[in-house]
Structure formats: structure tokens, C-alpha cells
Amino acid sequence: MLVTGDAILQVAHHHSFAVPAFNISSYSMLNAVVETCEELKSPHIIAIHPDELRHIGVDMLPAIIQKAHRSSVPTAIHLDHGASYEQVLLAIQNGFTSVMIDKSLETWEVNVEQTRRVVEAAHAVGLSVEAELGTIGATDSYGEAGTNDIVYTDPDDALRFVEATGVDSLAVAIGTRHGLYPDDLQPELKLDLLDRIKAAVDIPLVLHGGSNNPDDEIRQAVQRGINKVNISSDIKAAYFTRMREVLKDLGVREPNVIEPPCEEALRECAAQKIELFGSADTLRFF
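Nothing here was measured: the structure is a model prediction, and the numbers come from that model.

### Topic: the side chain of N227
- On the secondary structure map, N227 appears in strand β10 (residues 226-231).
- Among the polar contacts listed, one links the side chain of N227 to the backbone oxygen of F17, at a separation of 3.2 Å.

### Digging into the pattern of salt bridges
- In total, this model carries 11 salt bridges according to the counting rule given.
- Here R267 ties to E35 by a salt bridge, and the two come within 3.0 Å at their closest N and O atoms. Here the residue R267 occupies a position in helix α11 (residues 255-277), and E35 occupies one in helix α2 (residues 27-39), the gap between them amounting to 232 residues.
- With a relative accessible area of 35%, E35 lands in the partly exposed category.
- Salt bridges here are not isolated pairs; linked through shared partners, they connect E35, E264 and R267.

### Re the packing of aromatic side chains
- For the structure on display, the rule yields 3 aromatic pairs.
- With 6.0 Å between their ring centres and 70° between their planes, W108 and F161 make a pair best called edge-to-face. With W108 in helix α6 (residues 108-124) and F161 in helix α7 (residues 155-165), this residue pair connects regions lying 53 residues apart in the sequence.
- The partly exposed category is assigned to W108, whose relative accessible area is 27%.
- Exposure remark for F161: the relative accessible area of 0% places this residue in the buried category.
- Ring plane angle 75° and centroid distance 4.9 Å describe the contact between Y239 and F240, whose orientation is recorded as edge-to-face.
- Given the relative accessible area of 33%, F240 is considered partly exposed.
- Positioned over the ring face of Y85 is R117, at 3.6 Å from the centre of the ring.
- Across the ring face of Y152, the terminal group of K190 is positioned such that the distance to the ring centre comes to 5.1 Å.

Procedures and definitions
Residues numbered from 1 in each chain as written. Predicted model: local features only at pLDDT ≥ 70, side-chain atom pairs only at ≥ 80, totals over all residues. Heavy atoms only, no water. Helix = DSSP H or I, 4+ residues; strand = E, 2+ residues; numbered from the N terminus. Polar contact = N/O pair within 3.5 Å; in protein donor to acceptor, adjacent residues only side chain to side chain. Salt bridge = Lys/Arg side-chain N within 4 Å of Asp/Glu carboxyl O. Buried < 20%, exposed > 50% of the residue type's maximum accessible area, 1.4 Å probe, protein only. Phe/Tyr/Trp six-rings, centres within 6.5 Å; stacked < 30°, edge-to-face > 60°. Lys NZ or Arg CZ within 6 Å of the ring centre and 35° of its normal.

Spelled out as C-alpha cells, the structure:
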């Protein structure tokens, strides 16, 4: 069933689990994500970054929307890291049920003003908005933006930001990075900072850069207040690593032979994340 992001996140917020937000960039990946979530009875969010949207094209969105409508689990379609008001409006006009405006690299004033503007537009049509305060680190040049030096979210600023914007969920910077970590860089989450942010604001908190972090850190983050975890690099790495193995057979050329093993690899990764986040078998809360 197709729902808004807030309809899912409020349930996760009140029942202390995290919803997976899986970034997809093909219909094959979409199928694998949806099938896994249905099998494990997990609500989920289909996340599409503007770069991914440019790749798949807006003409694919009606098929994604119909798949969400037919799904047996609550499903939101979310614009991930919308960079401008215009990108957000395009997403709303094309059927997204949740949007993110990310002005975290701008000044406080610009972040507040642009987020408030998006909130007014989205709330006018019943949709929910995520914003980001602080900056997520970066490990590569793919997709989502990030910085070399993480600017951690200040709890007092988080409260002021939420009150000033009316945003529905907040992506916080507690030490994660977008992408996969190189061998010489070790993840380390500031869980005590998460505790302070959670005590300051009473809305769902989001963890970006959730791929490639130790399971124990992610598990603790969920237990201590994270209600949505974005997963992109991990499922894509699983999918395309398997594809490289399949394509070693130079005679293979048909998608219906190449893609199913890749989908299975993605499903294994996604299932592990769903169990880790505590979102399996949560449909009784809806």
C-alpha cells in the first residue's frame, strides 16, 4: 500500500524501530527490494536520489507507484537529498509521497528558509518532509553529497531547527559517511550525541550513510532513537558484485538470466538490514 513517509515513520518512532530506506536505480533492484520487504512483513521506503531519477527517468515513476499501491506492506516513495525547491516540486508533481530537502551545506539561515518553504508546499498536499542538519561525511564521489570533515548535529540547534521549519523528520550527523568505507577509515558513531538529540526533539530521526557501518553500532543507534536508515551502497555493491561474477561467462547476454542472481544477492543484503533495524514483522502496528 502506498503511504506517506510520515505515516511509516511515526509508527517506527512510537514503537522504537527503524524503517529501511533502500535507494534503487533500476526496476530489477525495485523488484528485489519490494519482494524482500513483503516476505519479511516490513514497511519500507523506496528512496530515489536526483541522480537516480535522472537515470531511470520520470516515465518509470508510474510503474513504481503502481507497484507500491499493490504491495502488501506500507510503502513510501521518497525523494532522497533533493537539492532545490524545484526538484522537490518535480517529485511532488510526479507522485512521490515523501521528500527531502537537503540544504545542510548552506548557512543556517538558508537551510531554515528553504526547508520551511518546502514544508509549506509539501504539507499543503499532505506529504511529509525530511531535512538535514549537520553534514554527513563522504568516502567517494558517487551520488549523495558529503564533506571530508563531519559537522556534527548540535542538539540545541536541532530543536531550534525543528521549531522553525515544522519538518517531519530530521537527518542527523553523528559520524556516518556516504558510500563504502576504505580500509584506512573506520566508522565511529557518537551515540552519546544521538542520545542528546533524541532528548531534544520529538520527531523521527534519520541516519544517512548507513551502509558499511558495523552492525552493532547501527543496532545501538536504532535502539537509541534512529527511526529510518538509508541504505544505498551496500545493496548496490551486493547487486553489482554478483553481476560481475555472472558476466564472467561471456556467453550470457539476456537480462532474465543476468539479473535474477543479482536480485538474490540484493535480497540477502536487504533482509539482513531489515532484521538489524527491527522492522520485520511490524505490520501489527499499522
